[in-house]
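Each chain is listed here by its residues.
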Amino acid sequence: MAAPDCVFHRTLTRSRPGPNKSSSPAVCREVLYVVDLQRYSRDQGSSVYFPQAVLNGDDLYDLTLTDGDCRLRVTLDPGLNRLVERNVLRPGSRLRNATFTPTMTAQLPACSGASADGDGYRLVSVEVTAGAPGEAEDEGLRGVHVDSLSWFGSSGPAGPLVPLRANRSVFLPLWNNVDYSGGVWREAPPTEEEEEEGEGARRPAVTVSQLRDSFLIGRRGVARGVVHHQLIVRIINKSHLMYYGKPEQNCECPYKAVLEVCDRTGSVCVVLWNSVCFGWYRRLKPDDIINLRHYRVKRSFLAEPDDIEISVNSRNPAAVISILPESSVSPEHLPPAASYSFWNSKELLGRPHDVVCDVIGLLTFSGRPERIRSDGRGAGLLEYHWLRLEDGSNNQPIMVKLFSTSQPKSHHKLHPLSVVVCTRLKLIRSSDQTSFFYLTNTTYTQVYCSGLGHHSEMSYRKLRPVRQFLQWLRSQDDGQVLSRALIGGFFIHPPPPVSLETYMRDRRGVPGFLRGAELQREVERLCYRERRTFCIQAAVTMVTYSRRGEEDRCLFWMDRASSPAVSPLDQRPGKSRKRKQTEPPPTKRHPFVTLQPENNKTVILFEASMEFLENPEEEEEDGVDDGDTSSFVTAPLLPALPPISVETLPMRYDHAHKEEQAVAVEMGGAAWGRFETTINEYYTLRVRALSDGVSVDVVFLPHSSSSSSSSSAPLLSHSNTWTSILSHGAFSSHTPPPAPADLIGMATQLSNQRLVCVLEACHLGGATTELVLSRAFPLTH
């Protein structure tokens with residue numbers, strides 16, 4: 001029952017149709033807040049609920065809204081999906097002028113989580129507003145216990161929350177299709193499924209080789225029916241979750257996962273289907289011994305054509321799974337232990353492309369999550385982030401491009417100074433730059449990190465490469481590691497080539513140069529944290545040197561022959577800014593300092609290494625005054641440029657506030673302006689497309705090289721002219737960088753220069769898109 005002061009009661013009751021009357025939209029003028037936002041894929045029947053909408057994508061969204069007195073569940077009209085995809089509309093958002101359209105009983109799907117009597121509403125238009133300066137979006141909900149608020153009318157669920165406009169039994173994560181989301185994904189299976197039959201050592205009734213032989217020769221009991229015989233196997237590999245829900249399908253829980261298992265006679269793939277994943281996916285892990293009964297044997301679609309796979313479902317038949325302790329299996333039938341192939345950074349230098357391996361290392365850089373298209377513009381978005389692991393065997397760290405592995409809790413805990421183990425990664429080696437390589441996911445990649453108790457449960461902790469790494473780890477000093485520990489910011493690896501010829505050869509098969517207007521359209525199409533690389537032929541018409549937070553005082557050069565037109569991507573065209581008329585004294589940038597106990601310099605790393613012990617049950621430099629007042633000038637026509645986004649700059653890792661930093665960096669995270677960044681100086685270049693004259697403003701970060709600061713990639717020596725700096729993406733590592741005033745003074749070198757500009761674009765949410773110039777090569781022909 002809604003509260004008497006409920007805004008929904010005053011607004012929405014008027015929109016309900018009476019006898020022989022049609023419904024009408026209702027507009028809520030008062031402030032509402034988004035409590036929750038849930039995504040799911042539509043099915044065959046979803047289109048009937050949106051008769052006038054164009055369903056371009058596969059996603060639908062349900063929102064829980066509140067006015068502070070009661071709650072309402074509504075469905076977002078598909079025409080507003082872009083607000084979510086650009087992270088404008090998100091949990092905590094403040095809404096005004098929300099227009100609702102009633103949805104009557106006949107339009108609602110028959111599902112257990114639908115509202116009790118079928119009333120529902122669709123949000124068809126809305127204004128997402130910002131709070132007062134310095135106020136959090138959801139400041140108006142401070143002190144309100146949202147979960148205790150009553151539901152308006154019958155909008156509350158009759159059972160567990162399920163999608164309102166599709167016959168699905170589970171929601172998807174907001175930003176990828178690989179992780180799980182919601183309480184239906186149990187960490188422990190139902191107790192009745194863990195029945196223990198009898199006492200004494202267990203023996204399998206059938207082996208993997210017997211199942212394979214029986215199926216391939218067509219023995220009726222295996223080839224055409226259900227196998228009830230007990231199979232005892234060990235999990236050696238576990239895949240990520242695979243979501244196969246499509247708009248043309250009505251499957252309630254379209255998930256599957258693959259386990260590679262083995263016994264003493266061979267190995268086989270076990271496929272967990274649909275709702276079996278809910279109860280068992282999170283519980284099962286590599287090294288576990290499991291007992292299977294009531295399953296089907298089928299021809300494999302994953303391995304060789306003449307091989308089999310075991311299908312485990314919740315019905316026809318209902319499979320029985322249980323996890324067995326090793327002591328319960330007879331020794332002669334105990335499956336062999338899982339094997340690992342740990343290679344350190346030195347050994348990886350000589351390994352070939354595409355080889356699969358396992359690695360362990362100390363995490364010293366954790367990149368921000370980003371997303372890329374899996375295959376073309378219309379394909380789904382895959383979430384990933386970069387990790388830098390050090391193991392002491394080589395000066396070159398191990399770079400890992402880690403995509404989602406259906407382990408969201410583990411990924412959230414990937415803080416610097418964690419000990420991380422990544423299994424079943426494949427090596428990607430550059431064809432031209434043999435010294436540059438990185439590791440990335442396979443289907444069976446899993447990640448384990450300190451802080452969650454993973455390492456003490458896994459058999460790899462006893463292996464020699466792991467023991468050698470731990471010996472090195474215990475020799476490290478917390479303070480020294482903290483001095484190079486970074487999190488977030490713009491990052492690119494491997495670094496692009498330094499010559500146009502090599503770069504164009506590497507781009508074979510990639511679409512060519514864009515016109516300026518095409519670049520603008522492509523940037524506007526980006527979804528939240530989507531990353532893409534673009535190339536344009538352009539000329540530099542302006543260079544600006546700034547310090548973060550002091551953008552109203554800067555150095556700049558402008559090509560007199562160019563037009564001062566403002567970039568069409570500039571969010572504040574033609575808008576002047578207040579400028580200070582006096583110059584404050586120069587400020588010093590102090591080095592990052594982390595206090596550690598004087599009597600122990602390895603507290604953090606020692607605690608991380610302790611997780612590898614046996615289970616009880618088993619046998620920068622000093623501060624430099626680099627900012628003289630000559631580097632800052634005021635000008636009556638200071639160019640109006642948007643300041644650099646703080647998300648572009650990597651942060652110093654703050655161990656005391658690691659959870660806050662993790663929340664700030666993750667998808668949909670809060671602002672991270674309170675943390676110290678490693679870079680305060682940056683350049684902004686205005687480049688004008690040669691094709692159509694459209695100008696865009698791009699950030700250039702030569703101080704950090706953006707890739708070298710986090711990957712320790714070797715930098716090449718060059719002359720520190722504008723041409724060489726732009727081609728290398730950084731200042732020369734063998735000579736001091738030029739002073740900002742000198743570099744701006746040399747910007748006349750860019751007059752009439754035709755360049756191939758390589759731009760890295762990433763949408764950061766709302767109206768903010770990051771455009772970073774990674775390379776600019778002179779056109780000589």
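Bear in mind the structure is a predicted one, so any value in this text is a computation, not a measurement. (Residues numbered from 1 in each chain as written. Predicted model: local features only at pLDDT ≥ 70, side-chain atom pairs only at ≥ 80, totals over all residues. Heavy atoms only, no water.)

Structural notes on the nonpolar core
- Of all hydrophobic cores here, the largest spans 39 residues; its most connected members are Trp-185, Leu-211, Leu-231, Tyr-255, Leu-272, Tyr-295 and Val-312.
- Judged by nonpolar contacts, the second largest core, of 34 residues, contains Phe-534, Ile-536, Val-696 and Leu-771. (Core = buried A, V, L, I, M, F, W, Y, C linked by side-chain atoms within 4.5 Å. Buried < 20%, exposed > 50% of the residue type's maximum accessible area, 1.4 Å probe, protein only.)

Here we look at the state of the cysteines
- Summed over all chains, the structure comprises 1 disulfide.
- Linked covalently through their sulfurs, Cys-6 and Cys-70 form a disulfide whose S-S length is 1.9 Å. Within this pair, whereas Cys-6 is found in the segment before α1 (7-12), its partner Cys-70 is found in strand β4 (residues 70-76), the two being separated by 64 residues in sequence. Exposure class is identical for Cys-6 and Cys-70. Each is buried.
- No disulfide involves Cys-422; its sulfur sits 9.3 Å from that of Cys-449, the nearest cysteine.
- By relative accessible area, Cys-422 is classed as buried at 0%. (Disulfide = S-S within 2.5 Å. Helix = DSSP H or I, 4+ residues; strand = E, 2+ residues; numbered from the N terminus.)

Concerning helix α11 (residues 516-525)
- Those residues of α11 lying buried are Gly-516, Leu-519, Gln-520, Glu-522 and Val-523. On an axial view of α11, the arc spanned by its buried residues comes to 165 degrees, and they lie on one face.
- If you follow the buried residues of α11, they end up packed against β24 (531-547), β27 (681-689), β28 (695-700), β29 (755-765) and β30 (768-778). (Arc of directions from axis to C-beta. Contact = heavy atoms within 4.5 Å.)

Structural notes on helix α13 (residues 658-665)
- Among all positions in α13, only Gln-661, Ala-662, Ala-664 and Val-665 are buried. Across the axial projection of α13, the buried residues extend over an arc of 160 degrees, all falling on one side.
- As for α13, its buried residues are in contact with α7 (408-412), β23 (486-487) and β26 (651-652).

A look at the environment of Thr-207
- Its place among the elements puts Thr-207 in the loop between β7 (150-151) and α3 (208-216).
- When its relative accessible area of 17% is taken as the criterion, Thr-207 is described as buried.
- In this structure the C-alpha to C-alpha distance between Thr-207 and Val-233, which are 26 residues apart in sequence, comes to 8.6 Å.
- Not counting residues within four places of it along the chain, the set of residues in contact with Thr-207 comprises Leu-231, Asp-263 and Thr-265.

Digging into the pairing of strand β22 (residues 437-449)
- By the criterion of burial, β22 is predominantly enclosed, with 11 of the 13 residues buried.
- The pairing of strand β20 (residues 398-403) with β22 spans 2 bridges and is classified as parallel. Within β22, the position partnered with Val-400 by the bridge is Leu-439.
- Across 9 bridges, the pairing between strand β21 (residues 419-429) and β22 is antiparallel. (Pairing = 2+ DSSP bridges.)

A short note on the pattern of salt bridges
- Overall, the coordinates contain 24 salt bridges when judged by the stated rule.
- Here Arg-373 and Glu-530 are joined by a salt bridge, their closest N and O atoms 3.1 Å apart. One end of the pair, Arg-373, is in strand β18 (residues 370-373); the other, Glu-530, is in the loop between α11 and β24, with 157 residues separating them in the sequence.
- Of the charged contacts in the structure, one is a salt bridge between Glu-390 and Arg-484, with a shortest N-O distance of 2.9 Å. Of this pair, Glu-390 sits in strand β19 (residues 381-390) while Arg-484 sits in the loop between α9 (478-483) and β23, placing them 94 residues apart in sequence.
- On the basis of relative accessibility, which here comes to 29%, the residue Arg-484 falls in the partly exposed class.
- Residues joined by salt bridges that share partners form a network here, namely Arg-368, Glu-370, Arg-531, Glu-760 and Glu-770. (Salt bridge = Lys/Arg side-chain N within 4 Å of Asp/Glu carboxyl O.)

A few points about unusual backbone geometry
- In this chain, Asn-316 is followed by Pro-317 through a cis amide linkage whose omega measures 0 degrees.
- Cis geometry marks the peptide bond from His-493 to Pro-494, where omega comes out at -10 degrees.
- With respect to the helices and strands, the residue Pro-494 is situated in the loop between β23 and α10 (500-506).
- Phi is positive for Asn-87, close to 60 degrees, though the residue is something other than glycine.
- One can find Asn-87 in the loop between α2 (81-85) and β5 (94-103).
- Classification of Asn-87 by relative accessible area gives buried; the value is 7%.

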